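Descriptive analysis of the structure
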Amino acid sequence: MSNEQDQWNAVDAYFTELLAPGDEALDAALAASTAAGLPEIAVAPNQGKLLSLLVRAQGARNVLEIGTLGGYSTIWLARALPADGRLTTLEYSAAHADVARANLAHAGLDKLVDVRTGAALDTLPLLAEEGAGPFDFVFVDADKVNNPHYVTWALKLSRPGTLIVVDNVVRGGRVATPHPDDPAVTGTRAMFDLIAQEPRLDATAFQTVGSKGYDGLLIARVTD
Ligand code: SAH
Ligand code: DHB
Ligand code: MG
């Protein structure tokens, strides 16, 4: 691993130990995810803490997540909800969803969280039909090629003031140049174009370094 990455890991470890330490349920969720062979791509602890702080600052009661994996980010999000809050999380892989459900039950959050299996572009219309929205906070962290569609759905299921956070929008800097053969970059760039032209969204994005390398987040607010 590069010198730079070692330094980013050391600083993240320092922040995490002081401000976003693990606990039994979070540690168990990561351990069970690894044991089940899931990719180790969950948000870092200090990023999970950011999600939790944003949900709290927002006073969110109804949260949507697109891309559950083993439910690690889901635990951070759900813990920021009030006792009568609700979190719906969408996951394509039935195997990932099973791991997430077990992790959420172990964390005592299964009453608050609904893990829906299926391609999000199939399950999002069902949520709309059910009247599951409006969501106060949406975290987009699934297949990056569909980012423009996910932001469009997030907007459809929103209210004025809803916050939409999108993970992994920098990917080592690749976002800044067209990569016609990488659908993830093409999708994320199409999402930025869409947001830039959408008067109902007010947004920023920033680059981050840390234990997850060089990447970044987009944060958008639905205008009043
Ligand atoms: N939010 C998680 C990480 C999600 S990784 C965390 O930080 O802990 C991305 C997840 O999106 C994977 O589990 C993957 O299976 C899922 N995914 C990929 N394509 C999808 C799709 N079309 N619909 C829903 N989920 C999808
Ligand atoms: C990948 C996906 C993520 O959501 C992430 O945070 C990091 C990496 C990936 O697919 O490689
Ligand atoms: Mg991610």
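Provided above is the structure to which this section pertains.
An account of the accompanying structure is given in this report. Model, not experiment: these values are computed from the prediction.

**Things to note about the site of ligand 1**
Neighbouring ligand 1 are 21 residues, the closest being G67, S73, E91, H96 and D141. Within the backbone of Y92, an N or O atom sits 3.1 Å from a nitrogen atom of ligand 1. Taking A120, its main chain carries an N or O atom lying 2.9 Å from a nitrogen atom of ligand 1. Expressed as a share of its isolated accessible area of 580 Å², the protein-covered part of ligand 1 is 89%. At a threshold of 2 Å from the grid points, most atoms of ligand 1 map onto the largest pocket. Counting only elements with at least two residues in the shell around ligand 1, the list comes to helix 4 (72-79) and strand 2 (86-91). Here the shell around ligand 1 is built from residues that sort into twelve nonpolar, five polar and four charged.

**Regarding the coordination of the magnesium ion (ligand 3)**
Protein coordination at the magnesium ion (ligand 3) comes from D141 (OD), D167 (OD) and N168 (OD1), with a distance range of 2.0 to 2.2 Å. Along the chain, the residues that donate to the magnesium ion (ligand 3) are spaced as D-x25-D-N. Of the two residues, D141 sits in the loop between strand 4 (137-140) and helix 7 (147-156) while D167 sits in strand 5 (residues 163-167), which places them 26 residues apart along the sequence. Residue classification places D167 among the buried residues on the basis of a relative accessible area of 4%.

**Comments concerning the site of ligand 2**
Taken together, I41, D141, K144, D167, N168, R171 and K212 make up the full set of residues near ligand 2. Here an oxygen atom of ligand 2 sits 3.2 Å away from a polar atom, N or O, in the side chain of D167. In this structure, R171 approaches ligand 2 through a side-chain N or O atom, which is 3.1 Å from an oxygen atom. For ligand 2, whose accessible area on its own is 290 Å², the fraction buried by protein is 69%.

**A word on the environment of Y150**
For Y150, the location among the structural elements is in helix 7. Accessibility expressed as a relative area gives 2% for Y150, which makes it buried. A C-alpha to C-alpha distance of 9.4 Å links Y150 and V166, two positions 16 residues apart in sequence.

**Observations concerning the sheet that holds strand 2**
Reading across from one edge, 3-2-1-4-5-7-6 is the order of the seven strands in this open sheet, with mixed pairing throughout. A strand with exactly one partner marks an edge of an open sheet, and here the two such strands are strand 3 (113-117) and strand 6 (201-210). Pairwise comparison of adjacent strand axes, ignoring direction, gives a mean angle of 15° for this sheet. Relative to strand 2, strand 1 (residues 62-66) runs parallel, the two sharing five bridges. Counted as the bridge partner of L64 is T88 from strand 2. On the sheet, helix 1 (residues 3-19) packs against strand 6 and strand 7 (213-222) and is oriented at approximately 110° with respect to strand 6.

Rules of the game
Residues numbered from 1 in each chain as written. Chains lettered and ligands numbered in written order. Predicted model: local features only at pLDDT ≥ 70, side-chain atom pairs only at ≥ 80, totals over all residues. Heavy atoms only, no water. Near = heavy atom within 4 Å. Polar contact = N/O pair within 3.5 Å; in protein donor to acceptor, adjacent residues only side chain to side chain. Areas by Shrake-Rupley, 256 points an atom, 1.4 Å probe, with all protein chains shown as cover. 1 Å grid on protein atoms, 1.4 Å probe; cavity = no way out; pocket = protein on both sides within 12 Å on 5 of 7 lines; lining within 4 Å. Sits in = over half its atoms within 2 Å of the grid points. Helix = DSSP H or I, 4+ residues; strand = E, 2+ residues; numbered from the N terminus. Nonpolar A, V, L, I, M, F, W, Y, C, P; charged D, E, K, R; others polar. Donors = N, O, S within 2.8 Å, 3.2 Å for Na, K, Ca; no water. Buried < 20%, exposed > 50% of the residue type's maximum accessible area, 1.4 Å probe, protein only. Pairing = 2+ DSSP bridges. Axes fitted to C-alpha atoms, helices over the stretch in contact; angles between N-to-C directions. Contact = heavy atoms within 4.5 Å.

In short, geometric facts, not functional conclusions.
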